Amino acid sequence: MKDKDYELVKDLENWLLNSDIRIKEGDDRGGFFGWKKIDALDKVSKYPFIYNEITGYSLSCFSYLYTETNKIDIKSMKQTVEYFKKNITKDHLLNTGKREDKDFKEKGILENQIYSFDNGIVLAGLLNYYKVTRDQGVFRMAEELANALIKYFFRNEQIHYALLDENLSPMYYGFEKWSTRIGSYHAKLGIGFFDLYSITGNQTYLRICNELCKFAMSMQNMEGEFLNNPDNYNQIYLHPHLYTCEGITYVGSLVNDTKLLIQGLKGIEWAISNMTITGGVPRSNIDRTDQADCTSQLLRLLLLYSKELKIHLKLPEDEIEQSINTLHNRLIGFFIDSEKAIRYNEDSNFACTWCSMFTLQALILWTKRNNKKHELHPKIEFFV
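Residues numbered from 1 in each chain as written. Predicted model: local features only at pLDDT ≥ 70, side-chain atom pairs only at ≥ 80, totals over all residues. Heavy atoms only, no water.

Caption draft 1: Here's a closer look at empty space enclosed by the protein. In total, this model carries one cavity of 30 Å³ or more according to the counting rule given. By volume, the largest cavity amounts to about 50 Å³. Counting residues per element, the ones that place at least two in the lining of the largest cavity are α3 (52-69) and α5 (116-133). Split into classes, the residues belonging to the lining of the largest cavity amount to six nonpolar, one polar and one charged. (1 Å grid on protein atoms, 1.4 Å probe; cavity = no way out; pocket = protein on both sides within 12 Å on 5 of 7 lines; lining within 4 Å. Points joined across faces, edges and corners; volume = space filled by probe spheres on them. Helix = DSSP H or I, 4+ residues; strand = E, 2+ residues; numbered from the N terminus. Nonpolar A, V, L, I, M, F, W, Y, C, P; charged D, E, K, R; others polar.)

Caption draft 2: The side chain of Asn-119, seen in detail. Structurally, Asn-119 is set in helix α5. Given the relative accessible area of 0%, Asn-119 is considered buried. A distance of 2.8 Å separates a polar atom in the side chain of Asn-119 from the backbone nitrogen of Leu-94. If sequence neighbours within four positions are ignored, Asn-119 has contacts with Leu-93, Leu-94, Ile-114, Leu-145 and Leu-149. (Buried < 20%, exposed > 50% of the residue type's maximum accessible area, 1.4 Å probe, protein only. Polar contact = N/O pair within 3.5 Å; in protein donor to acceptor, adjacent residues only side chain to side chain. Contact = heavy atoms within 4.5 Å.)

Caption draft 3: Region of interest: helix α9 (residues 238-254). In this model, α9 (17 residues) spans 24 Å end to end at C-alpha, consistent with the 24 Å of a helix rising 1.5 Å per residue. Extensive coverage of α9 is indicated by the burial of 16 of its 17 residues. Remark: Asn-256 follows α9 within two positions and exhibits a positive phi of approximately 55 degrees. (Expected span 1.5 Å × (residues − 1).)

Caption draft 4: Structural detail: the packing of helix α7 (residues 189-200) against helix α8 (residues 203-218). One way to put it is that α7 packs onto α8 with a least axis distance of 8 Å and a crossing angle of 155 degrees. With respect to each other, α7 and α8 are oriented roughly antiparallel. Read as a crossing pair, α7 and α8 show a hand that is left-handed. In this structure, α7 contributes Leu-189, Gly-190, Phe-193, Phe-194, Leu-196, Tyr-197 and Thr-200 to the contact, and α8 contributes Gln-203, Tyr-205, Leu-206, Ile-208, Cys-209 and Leu-212. (Axes fitted to C-alpha atoms, helices over the stretch in contact; angles between N-to-C directions. Parallel < 35°, antiparallel > 145°, perpendicular 65-115°, else oblique. Left-handed = near helix turned anticlockwise from the far one by under 90°.)

Caption draft 5: Fine view of the packing of aromatic side chains. Applying the stated criterion to the full structure yields 20 aromatic pairs. Between Trp-35 and Phe-104 the ring centres are 5.8 Å apart and the planes differ by 80 degrees, which places this aromatic pair in the edge-to-face class. With a gap of 69 residues between them, Trp-35 in strand β1 (residues 35-37) and Phe-104 in the loop between β3 (97-99) and β4 (114-115) connect regions that are remote in the sequence. For the residue pair Trp-35 and Phe-104, the accessibility class agrees, reading buried in each case. (Phe/Tyr/Trp six-rings, centres within 6.5 Å; stacked < 30°, edge-to-face > 60°.)

Caption draft 6: Region of the structure containing unusual backbone geometry. The phi torsion at His-92 lies on the positive side, around 70 degrees, for a residue other than glycine. Tracing the backbone shows His-92 in the loop between α4 (74-87) and β3. A positive phi angle, close to 65 degrees, is found at Leu-168, a residue other than glycine. Following the sequence through the fold, Leu-168 ends up in the loop between β7 (163-164) and α7.

Caption draft 7: Layout of the pattern of salt bridges. Under the criterion given, the structure shown has 20 salt bridges. For the salt bridge of Lys-102 with Glu-111, the shortest nitrogen-to-oxygen distance reads 3.5 Å. Take Glu-111: its relative accessible area is 22%, and that puts it in the partly exposed class. If you follow the salt bridges from partner to partner, you end up with Asp-28, Lys-98 and Glu-100 in one network. (Salt bridge = Lys/Arg side-chain N within 4 Å of Asp/Glu carboxyl O.)

Caption draft 8: Broad picture of helix α10 (residues 258-273). With 16 residues, α10 extends 22 Å between its outermost C-alpha atoms, agreeing within 8% with the 22 Å of an ideal straight helix rising 1.5 Å per residue. Buried residues along α10 sit in contact with α8, α9, α11 (292-313) and α12 (317-332). Capping the start of α10, Asp-257 holds a side-chain oxygen 3.2 Å from the backbone nitrogen of Lys-259, two or three residues further along.

Caption draft 9: Structural view of the environment of Tyr-130. Relative to the helices and strands, Tyr-130 resides in helix α5. Residues Tyr-130 and Ala-142 lie twelve residues apart in sequence; the distance between their C-alpha atoms is 9.1 Å. The contacts of Tyr-130, once residues within four sequence positions are left out, are Asp-135, Gln-136, Phe-139 and Ile-199.

Caption draft 10: Seen up close, the layout of surface pockets. Within this model, the largest pocket holds a volume of roughly 660 Å³. Lining the largest pocket are 27 residues, and of these Tyr-51, Lys-107, Lys-177, Trp-178 and Tyr-344 lie nearest its centre. Secondary structure elements with two or more residues in the lining of the largest pocket: α3, α5 and α9. A per-element tally of the lining of the largest pocket places α9 first, with three residues. Within the lining of the largest pocket, the residues separate by chemical class into 14 nonpolar, five polar and eight charged.

This is how it looks when you write it as structure tokens:
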């Protein structure tokens, strides 16, 4: 490991585990705040909302760290599992989270939102925790969650809804928000469903996984970009586009489906072509502001699939290497020295939890790749 990257990895681990971004006491112990607003004057404004999607990512992130270093205390993950047990509904689903600051409306009324995507991320997190601990109770919880997802969000094994209210009725809180509409990005749910299929052998989960990927491929343009939702053909947001790439490359590599893998690789190639002159990945093909989450997502994918990009798409090795190095340099530029965490973008005043998790995994993959003893394999477990 290069000294700088090693220190960044340790700083991000410490921030996620030991700072106040992870709730360590009280009724919400085990949950994670979505971000820390750096210049806020009081705690409620500083940590405005608990985010269940990101709390699900934490189980995948810490399971990954546990398998890489064996230094992560299982107790911290167990607290998160207990948080989910406490907050799961009678229908075996989780809402978006909880607003500590009731004036926080940036993500809608969290308590009255149940997302298929968020619950799919929690599913993957629970299964990753199960892989580490073999906790049968957590496995049953994951299976109940998966079955509830299928029951309420799917029709004939195809994704039908992105967002329901607390009464399980369809809702939208912004027509232009890609996250409130079904879209290609739901392919990332294939990670949890495929893992569940691998454990149970239940073909229903495999069919759900295949339908998610098939739906995503139906929304891919010739140039490689994935439409974020069926109602907006002009603006492609890179964050959900890369979620799509993550899902179908993960599934494609695990089921040895070359066609599926290649479509994901084409999406990666398109993202490379949309990197900015400052070396990052922008919010969209229209808004060219670099985002840390998008930048770390593309870096992870390039580190995992560089060989496949050369084989299947004939991308020149020097082009791939240049992109990897450029993305790495841009990514560490998002690091906030005073917080030891990652900011969302250059204009934001908050340390972002999911950006820090994605970056942490990207930097570990980067350092492993630079250590010639380690050869990265695209069939990564514990993908965050």
